[in-house]
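Structural features, examined
Next come the chains, spelled out residue by residue.
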Amino acid sequence: MKDTDIKTQSYDIVFAGAGLAGLATAVEMLRHPFFQQKRILLIDRDRKQHNDRTWCFWATDDELIPPVVHRSWDGCRFLAPGFEATLDIAPYRYRMVRGLDFYRWAEGELARWPNVQRLVANIRDICPESGVVHTDAGDFAGEVILNSAFTPVRLLPKGTRNLWQPPLSAPAEDPPPGRATFLLQHFKGWLVQTPEPVFDPKAMTFMDFRIEQQGETRFVYVLPLSPHRALVEFTIFSPALLPAAAYDEALRQYLHQYLGLRQYEVAEEEFGIIPMTDYAFPKRAEGRIIHIGTAGGFVKASSGYAFKRTLRRARAFVSAWAQKGAPDTRHLHTRPLFHLLDSVLLRVLHDQNDLGGVVFTSLFRKLPPALVLRFLDEDSSWLDIVRVVSAPPSWPFSRALLEVLVRKMK
Ligand SMILES: Cc1cc2nc3c(=O)[nH]c(=O)nc-3n(C[C@H](O)[C@H](O)[C@H](O)COP(=O)(O)OP(=O)(O)OC[C@H]3O[C@@H](n4cnc5c(N)ncnc54)[C@H](O)[C@@H]3O)c2cc1C
C-alpha cells in the first residue's frame, strides 16, 4: 500500500474517511478471501500520525480487540453524592487504546495487501449515484463507497450541524423536526504529570458525579497510567457546548478539590464532541454510499461509546458481505428494542438534563456492575432488561417513554 501510487481511478470499494470505522472495516475485510481480490482505496485527509484521541471501553478477554491495548483496569471507582464504590466489573476489564497505536496497527495490517491503496486527500464531495468521490487530488470512483468522513448533515437539525461535520453535499431540505432527540457529549481531558506519586495505577475512576452539575449531566473520569501520570477528563451530556475556558476551569477545580493536587503539569490535552442521538439515520445507504461509524449512527445514543460497537459492526457487516457477495446494511442497525431504550434515556436527559447522575447512580447502586455493562453493550437477556429498567426512578422514564411513543406514532 502506498500513499501516492494511485494507478487507477476506479475501485471496487472506496473508503471516504479512514479513521476508526474505515480502518476497522478495511482490516476486517482482508480476513476474507472474497475481499482480497477487490481493489480497495482508503482516502483520508489526515495521515493519522498523531495521537488524536484515546478510546476506552470495557471488554472480556474473549472479545475481538486489536492487539494495541495500552492499559487495562479491573476495578472501577464510581463516586456520587451519597454513594461511593469500587465496582467489580468481572468478567470485563476496562481498557484503553491510544488512537495512534490503533492507526499504526491498522496501517501495518493493510500494508500486507497489494490490492489496498491509501490516499491522503481532502474529500470535497461524494456523488451517491455515480459513486465518484471528488477530492483535491482528483476523482475516484467506487462500486461501493463506505463513508465515515461526513455525517449526512441534511438529516440533522439546523442548530446542530456546525457541531458535527461538514456537509456531504449541498444541503437539501431540512429534516422533519421533532423526530429525534439530540444531545452532545463534550469533554476535555488533560494528561496530568505530577512530581509526587499520587495516583494508584490499579484504580481508575469510571464516573465521578460529585462535581457541580449546574443543571446538566456532568462527571469526571480518571485513568491513572502510573503513580505520576493520569488522564483526567471532564465530561458533559447536554444540548450545547461551554465556552472553551470553562472546561479548563472545571479540570483545574477537580484536580485541586478532589485529587488534592497543587503541583502538576499538563503534558497533553484532548477535546471531543460526540453526538448522542436516536436519529434513525434512515438512509444509511444513499445510492452507492453506505454510511459507517459516527456518520452511520454507530455511536451508542445514550452513552456516547462507539469503539467496541464499531469493531463488532465491522465484523458482522463484512462477514455477511463476504458470504452473500453484496453488502447488507441491516448489519449496521441497532436492534429496535435497544433503540427504543436509548431514545427513552436520551429523552429523560433532554427533559431534565441534570438527571444523568441520579440514573447512573441508581443503576450501579442497585445492580451488579457487569449486568449494567452487558445492558449498555446490548447483550442483555430479557430478565436483565427488566431489572435495568426497574432500577432508576420510574416517573421521568414513564413520561419519556410516552413522549417517544407519541413521537413514533406521528
Ligand atoms: C476525542 C474523542 C475521544 C473519544 N473517546 C471514546 C472512547 O473513549 N470510547 C468510545 O467508545 N468512543 C469514543 N469516542 C467516540 C468514537 O469512538 C470516535 O469518535 C471514533 O473515532 C468514531 O469513528 P469514525 O470512524 O466514525 O470517525 P473518525 O475516527 O473521526 O474517522 C473519520 C475520518 O474521516 C476523515 N475526514 C473527515 N472529513 C474529511 C474530508 N473532508 N476529507 C478526507 N477525510 C476526512 C477524518 O480525518 C477521520 O480520519 C471518542 C471520540 C472523540 C472525538
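Residues numbered from 1 in each chain as written. Predicted model: local features only at pLDDT ≥ 70, side-chain atom pairs only at ≥ 80, totals over all residues.

**Let's talk about the overall build of the protein**
- The helix and strand tally for the protein stands at 11 helices and 18 strands.
- For the protein, whose C-alpha radius of gyration is 22 Å, the value lies close to the compact-globule estimate of 22 Å for 410 residues.
- With respect to the three principal axes, the spread of C-alpha positions in the protein is 60 × 55 × 40 Å.
- Across the 410 residues in the protein, those meeting the buried criterion constitute 40%. (Helix = DSSP H or I, 4+ residues; strand = E, 2+ residues; numbered from the N terminus. Rg over C-alpha atoms; globule rule 2.2 N^0.38 Å. Buried ≥ 20, exposed ≤ 12 C-beta atoms within 10 Å, placed from the backbone.)

**Digging into the site of the ligand**
- Residues in close proximity to the ligand total 27 residues, the closest being Gly17, Gly19, Ala21, Gly272 and Gly293.
- The set of elements that each furnish at least two residues to the shell around the ligand consists of helix 1 (20–29), strand 2 (40–44), strand 3 (54–59), strand 16 (265–277) and helix 6 (307–324).
- In terms of residue class, the shell around the ligand is built from 13 nonpolar, nine polar and five charged.
- Split by domain, the residues of the shell around the ligand number at least three in each of domain 1 (10–52 + 99–169 + 280–332) and domain 2 (182–276). (Near = placed C-beta within 6 Å. Nonpolar A, V, L, I, M, F, W, Y, C, P; charged D, E, K, R; others polar. Domains from an automatic or database assignment.)

**Describing unusual backbone geometry**
- A cis amide bond links Ala90 to the next residue, Pro91, at an omega of 10°.
- Inspection of the secondary structure assignment puts Pro91 in the loop between strand 6 (83–88) and strand 7 (93–98).
- With a phi angle near 60°, Lys48 is a residue other than glycine that sits in the positive phi range.
- Relative to the assigned elements, Lys48 resides in the loop between strand 2 and strand 3.
- In this structure, Gln214 is a non-glycine residue whose phi angle is positive, near 50°.
- Counting through the fold element by element, Gln214 comes out in the loop between strand 13 (203–208) and strand 14 (217–226).

**Considering the sheet that holds strand 7**
- Spatially, three strands are ordered 3-7-4 in an open sheet, and the strand pairing comes out antiparallel. Two strands bound the open sheet, and with one partner strand each, they are strand 3 and strand 4 (69–73). Averaged over all pairs of adjacent strands, the angle between strand axes in this sheet comes to 25°, irrespective of strand direction.
- Both strand 3 and strand 7 contribute to a ladder of six bridges, which runs antiparallel. Bridge pairing in strand 7 places Trp58 opposite Tyr94. (Pairing = 2+ DSSP bridges. Axes fitted to C-alpha atoms, helices over the stretch in contact; angles between N-to-C directions.)

**What about the domain arrangement of the protein?**
- Domain assignment breaks the protein into domain 1 (10–52 + 99–169 + 280–332), domain 2 (182–276) and domain 3 (336–409).
- Placing the centre of domain 2 and that of domain 3 at their C-alpha centroids yields a distance of 25 Å.
- Facing 11 residues of domain 2, the contacting portion of domain 3 comprises nine residues.
- Classifying every residue of the side of domain 2 that touches domain 3 gives six nonpolar, four polar and one charged. (Contact = placed C-beta atoms within 7 Å.)

**Overview of the packing of helix 1 against helix 6**
- Packing of helix 1 against helix 6 brings their axes to within 9 Å, and their N-to-C directions diverge by 40°. The two elements helix 1 and helix 6 meet at a crossing, and its hand is right-handed. Contacts from Leu20, Ala21, Ala24, Thr25, Glu28 and Met29 of helix 1 reach helix 6 at Phe307, Thr310, Leu311, Ala314, Arg315 and Val318.
- Residues that form the contact of helix 1 with helix 6 fall into these classes: eight nonpolar, two polar and two charged. (Left-handed = near helix turned anticlockwise from the far one by under 90°.)

**Re the nonpolar core**
- Ranked by size, the top nonpolar core spans 104 residues in total, and within it Val14, Phe15, Ala16, Ala26, Leu41, Ile43 and Val232 carry the most contacts.
- At seven residues, helix 1 tops the list of elements feeding residues into this core.
- Those residues in contact with Ala26 that sit more than four places away from it in its chain are Phe15, Ile40, Leu42, Leu110 and Val116. (Core = buried A, V, L, I, M, F, W, Y, C linked by C-beta atoms within 7 Å.)

**As for the sheet that holds strand 14**
- Spatial strand order, 6-5-13-14-15-12-16: seven strands in an open sheet with mixed pairing. Bordering the open sheet on either side are strand 6 and strand 16, each of which pairs with just one other strand. Strand-to-strand, the axes of this sheet are offset by a mean angle of 20°, without reference to chain direction.
- Direction of pairing for strand 12 (residues 182–193) relative to strand 16: antiparallel, over a ladder of 12 bridges. Paired with Gly189 across the strands is Glu270, a residue of strand 16.
- The sheet strands contacting helix 8 (residues 356–366) are strand 5 (75–80), strand 6, strand 13, strand 14 and strand 15 (229–238), and the helix crosses strand 6 at an angle near 55°.

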